[in-house]
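Structure at a glance
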Amino acid sequence: MTFDKKDLISIKDLSASDINYFIETAKEFKKISLKDIKKVPTLRGRTVVNIFYEPSTRTRSSFEIAQKRLSADSLSISVSQSSVVKGESLKDTILNLEAMNPDAFVIRHSESGAANFISKWTKASVINAGDGINEHPTQCLLDIMTVMEEKKEIKSLKVAIIGDICHSRVARSDIYGFSKLGADIYLYAPHSLLPRLIELKNVKIAKNMEEAVKNADIIIMLRIQKERASFYFIPSIEEYRKFFQLTPELLSKASAGVMVLHPGPVNRDVEIAGSIINADKTRIFKQVENGIAVRMACLYILLRFQKKNKNK
Ligand code: CP
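Residues numbered from 1 in each chain as written. Predicted model: local features only at pLDDT ≥ 70, side-chain atom pairs only at ≥ 80, totals over all residues. Heavy atoms only, no water.

Remarks on the domain arrangement of the chain
For the chain, the domain assignment lists domain 1 (11-135 + 289-311) and domain 2 (137-287). On a C-alpha basis, the centroid separation for the pair domain 1 and domain 2 is 26 Å. Taken together, the 32 residues of domain 1 in the interface contact 28 residues of domain 2. Between domain 1 and domain 2, the buried area comes to about 2600 Å², and carbon and sulfur atoms account for 61% of it. Of all residues in domain 1, Ile11, Ile133 and Asn290 bury the most surface against domain 2, accounting for 23% of the area lost on that side. Linking domain 1 to domain 2 there are 3 salt bridges. When the shortest N-O distance is used, the salt bridge between Lys30 and Glu149 registers 2.8 Å. Summed over the shared surface of domain 1 and domain 2, the result is 16 residue pairs in polar contact (both at pLDDT 80 or more). At the level of secondary structure, the elements contributing two or more residues to the side of domain 1 that touches domain 2 comprise helix H1 (16-33), helix H2 (58-69), strand E3 (104-109), strand E4 (125-131) and helix H11 (284-310). (Domains from an automatic or database assignment. Contact = heavy atoms within 4.5 Å. Buried area = accessible area lost by both parts, 1.4 Å probe. Salt bridge = Lys/Arg side-chain N within 4 Å of Asp/Glu carboxyl O. Polar contact = N/O pair within 3.5 Å; in protein donor to acceptor, adjacent residues only side chain to side chain. Helix = DSSP H or I, 4+ residues; strand = E, 2+ residues; numbered from the N terminus.)

Looking at the site of the ligand
The local shell around the ligand consists of Ser56, Thr57, Arg58, Thr59, Arg108, His136, Gln139, Pro263 and Gly264. Note that an oxygen atom of the ligand is positioned 2.6 Å from one of the side-chain N or O atoms of Ser56. Taking Gln139, its side chain carries an N or O atom lying 3.0 Å from a nitrogen atom of the ligand. Summarising the interface, the protein chains cover 91% of the accessible area of the ligand, which totals 260 Å² for the free molecule. Of the residues in the shell around the ligand, the class split is 1 nonpolar, 6 polar and 2 charged. Shared between two domains, the shell around the ligand takes at least three residues from each, and those domains are domain 1 (11-135 + 289-311) and domain 2 (137-287). (Near = heavy atom within 4 Å. Areas by Shrake-Rupley, 256 points an atom, 1.4 Å probe, with all protein chains shown as cover. Nonpolar A, V, L, I, M, F, W, Y, C, P; charged D, E, K, R; others polar.)

Side note on the packing of H1 against helix H5 (residues 137-148)
Axes are the key here: two packed helices are described by the angle between their axes and the distance separating the axes. In contact at an axis separation of 10 Å, H1 and H5 are set at 70° when each is read in the N-to-C sense. In terms of axis orientation, H1 runs roughly perpendicular to H5. Within the contact between the two elements, H1 uses Ile19, Asn20, Phe22, Ile23, Ala26, Lys27 and Lys30 and H5 uses Leu141, Ile144, Met145 and Met148. For the contact of H1 with H5, the class distribution of residues is 8 nonpolar, 1 polar and 2 charged. (Axes fitted to C-alpha atoms, helices over the stretch in contact; angles between N-to-C directions. Parallel < 35°, antiparallel > 145°, perpendicular 65-115°, else oblique.)

Spelled out as structure tokens, the structure:
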């Protein structure tokens, strides 16, 4: 199996077999994280630049750990300490870093399309670590990996995605990824937080929480994206809790083997009852663990493709 793209920008661009290839590779890399010495020389001599224009705990730290475990040389640009604060544009920032001959950029940005934009200005591979409300492809891959560790296949699973879907890049990537693998997706959100266009035929809009979670195999809960001004889209947090919170009672209506996912950060007792977070049906910390393996796989696959092309 090969992957013939320079960048990982969008799950929309991947085929089902591409997704499976990333997951199978991640499963192999996960074994390294379970050893005493968590390091292999796979990317020795390769340079990765992480640029996060938006805050991150999970994605940034797991990319950094992935790079260390693969022996890559990496640096993380702190945007608040960079010349971005002096007004340097995204394009000029990339052109200057490009002059240092990196092999990959990992970028998070508040603008949808930022990762795609910078890929035009660099020969290095670009990994989208979240662009605005557009996509978060590595989050989708780690979500799929987490499910695949327990379910034989994704096909025909009922996947409920609940919360601020409109502003969620995770929702968008998960909708594309799980639907490419044949899941039946149910979305539920306040009307004002539903995307206007959902064109995929295996995606339905649930009428209420009960319909969304009833017999669900996977429930993906999403926080309200306060930073994208979503509070103006709902009457109040109290009302949101009442109609959109995943409670133990609602969870009991899901299938017996249900897995609850959340990309984080979690707003305890807003979108999800605090008591569910550490309960046996929740896989939030497994998702974080798998994030390292998925990011190791992404770096490996893209940089291997790059090396092959350089050698042509
Ligand atoms: N899931 C996720 O993207 O979390 P961070 O914002 O902490 O990276």
